[in-house]
Amino acid sequence: MNLTGGIVLFAVIWFMVFFVVLPIRFQSQEEAGHVVPGTPASAPHEANLKKKALITTGIAVVLWGVIASIILSGVISVRDLDWFGRIKN
């Protein structure tokens, strides 16, 4: 895995984790009892995006470290994922 592959792997992991973390502790404006005019009632009351981005980054760093070490150690290679025998020796 080269530098570009590592960056792409981290970005993919980060966004996947971010989309999992976003709905945690979600409270809509309707549930909070205060709907701002011009916004839908289902809009978040407080998004807390900075906190969620920091949590996401921490989780993504740990997952990236585990996945990158597995890839770099050679425990799992592309040939292991070739279930249909399309990669020639």
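The structure contained in this document is the topic of the report that follows. Keep in mind that this is a model prediction, so the values were computed, not measured.

## Concerning the overall build of the protein chain
Thinking step 1. Regarding its fold elements, the protein chain presents 3 helices and 0 strands.
Thinking step 2. Mapped from its N terminus to its C terminus, the protein chain presents α and β elements in the order α-α-α.
Thinking step 3. Here the C-alpha atoms of the protein chain give a radius of gyration of 20 Å, more than 25% beyond the 12 Å that 2.2 N^0.38 yields for 89 residues.
Thinking step 4. Along the first, second and third principal axes, the C-alpha atoms of the protein chain reach 65 × 25 × 20 Å.
Thinking step 5. Considering only contacts within the protein chain whose residues lie at least 6 apart along the sequence, 52% involve residues at least 24 apart.
Thinking step 6. Summed over all atoms, the accessible surface of the protein chain reaches about 7,000 Å², with 69% contributed by carbon and sulfur.

## Some words on the packing of aromatic side chains
Each aromatic ring pair is characterised by the separation of its centres together with the angle its planes make.
Thinking step 1. Inspection of every chain in the model, using the stated rule, returns 4 aromatic pairs.
Thinking step 2. Ring geometry for Trp-14 versus Phe-15: centroids 5.1 Å apart, planes at 80°, classification edge-to-face.
Thinking step 3. Measuring from ring centre to ring centre gives 6.4 Å for Phe-15 and Phe-19, while their planes differ by 40°; the resulting arrangement is tilted. Taken as a pair, Phe-15 and Phe-19 lie in helix H1 (residues 3-21) at a separation of 4 residues, close to a single helical turn.
Thinking step 4. Linked through ring pairs, Trp-14, Phe-15, Phe-18 and Phe-19 together constitute an aromatic cluster.

## What to know about the nonpolar core
Thinking step 1. Listed in full, the 7 residues of the largest apolar core are Leu-9, Ile-13, Trp-14, Val-17, Phe-18, Val-21 and Ala-60.
Thinking step 2. Broken down by element, the residue count for this core peaks at 6 residues, all from H1.
Thinking step 3. Discounting chain neighbours no more than four positions away, the residues touching Val-21 are Lys-52 and Thr-56.

## Details of the environment of Ile-59
Thinking step 1. Assignment of secondary structure puts Ile-59 in helix H3 (residues 49-73).
Thinking step 2. Separated by 19 residues in sequence, Ile-59 and Pro-40 have C-alpha atoms that sit 31 Å apart.

## Topic: the side chain of Lys-52
Thinking step 1. Checked against the element boundaries, Lys-52 lands in helix H3.
Thinking step 2. Apart from the residues lying within four places of it in its own chain, the contact partners of Lys-52 are Phe-18, Val-21, Leu-22, Ile-24 and Ala-47.

Scoring rules and cut-offs
Residues numbered from 1 in each chain as written. Predicted model: local features only at pLDDT ≥ 70, side-chain atom pairs only at ≥ 80, totals over all residues. Heavy atoms only, no water. Helix = DSSP H or I, 4+ residues; strand = E, 2+ residues; numbered from the N terminus. Rg over C-alpha atoms; globule rule 2.2 N^0.38 Å. Contact = heavy atoms within 4.5 Å. Areas by Shrake-Rupley, 256 points an atom, 1.4 Å probe, with all protein chains shown as cover. Phe/Tyr/Trp six-rings, centres within 6.5 Å; stacked < 30°, edge-to-face > 60°. Core = buried A, V, L, I, M, F, W, Y, C linked by side-chain atoms within 4.5 Å. Buried < 20%, exposed > 50% of the residue type's maximum accessible area, 1.4 Å probe, protein only.

By themselves, these are just geometric observations and shouldn't be taken as functional.
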